[in-house]
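The lines below spell out each chain.
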Amino acid sequence: MKAIVGARGGYGSLKVLPHLELAALEAVPKRLVGFSDLTNLLWHLHHGLGLVTFHGPTVAHLPVLTPAARES
């Protein structure tokens, strides 16, 4: 598995930040995709570990994307 796509945004991502084991995440890096409150997690992992992160759709939003958004 090379990437993780958030299921949905939500306030819970803020609660996770203090509990992240950065050394473990750095040892097995993944790309992370999401938006909304996942932006905090994207920023933290990108700036803290240099991981590749994408501000993009979550799984919950995939069915409602326009063709153009899906293509990009």
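The rules behind each value
- Residues numbered from 1 in each chain as written.
- Predicted model: local features only at pLDDT ≥ 70, side-chain atom pairs only at ≥ 80, totals over all residues.
- Heavy atoms only, no water.
- Helix = DSSP H or I, 4+ residues; strand = E, 2+ residues; numbered from the N terminus.
- Expected span 1.5 Å × (residues − 1).
- Buried < 20%, exposed > 50% of the residue type's maximum accessible area, 1.4 Å probe, protein only.
- Arc of directions from axis to C-beta.
- Contact = heavy atoms within 4.5 Å.
- Core = buried A, V, L, I, M, F, W, Y, C linked by side-chain atoms within 4.5 Å.
- Polar contact = N/O pair within 3.5 Å; in protein donor to acceptor, adjacent residues only side chain to side chain.
- Pairing = 2+ DSSP bridges.
- Axes fitted to C-alpha atoms, helices over the stretch in contact; angles between N-to-C directions.

## Some points on helix H3 (residues 38-49)
Move 1: Counted at 1.5 Å a residue, the expected span for H3 with its twelve residues is 16 Å, and the 16 Å between its end C-alpha atoms agrees.
Move 2: Considered for burial, the residues of H3 that qualify are Leu38, Leu41, Leu42, Leu45 and Leu49. End-on, the buried residues of H3 take up no more than an arc of 100°, which puts them together on one face. Among the exposed residues of H3, those pointing more than 90 degrees away from its buried face are Trp43, His47 and Gly48.
Move 3: Check the buried side of H3 and you find it contacts helix H1 (12-16), helix H2 (22-27), strand S2 (31-34) and strand S3 (53-55).

## Details of the nonpolar core
Move 1: Counting seven residues, the largest nonpolar core is built from Leu32, Leu38, Leu41, Leu42, Leu45, Leu49 and Leu51.
Move 2: In terms of residues, this core owes the most to one element, H3, which gives five residues.
Move 3: Not counting residues up to four positions away in its chain, the partners in contact with Leu49 are Leu22, Leu25, Glu26 and His44.

## Focus on the side chain of Thr58
Move 1: Tracing the chain through its elements places Thr58 in the loop between S3 and helix H4 (67-71).
Move 2: Classification of Thr58 by relative accessible area gives buried; the value is 0%.
Move 3: At 2.9 Å, the side chain of Thr58 and the side chain of His61 are in polar contact.
Move 4: Excluding residues within four positions of it along the chain, Thr58 makes contact with Val5, Gly6, Ala7, Arg8, Gly9, Gly34, Phe35 and Leu38.

## A closer look at the sheet that holds strand S1 (residues 3-5)
As a general point, the strands of a sheet are linked pairwise by backbone hydrogen bonds and lie either parallel or antiparallel.
Move 1: If you trace the three strands from one edge of the open sheet to the other, you get S1-S2-S3, paired in parallel fashion. Edge positions in the open sheet fall to S1 and S3, since each of these has one partner strand only. The average undirected angle you get between the axes of adjacent strands in this sheet is 15°.
Move 2: Relative to S2, S1 runs parallel, the two being bridged by three bridges. From the neighbouring strand, Ala3 faces S2, where its bridge partner is Arg31.

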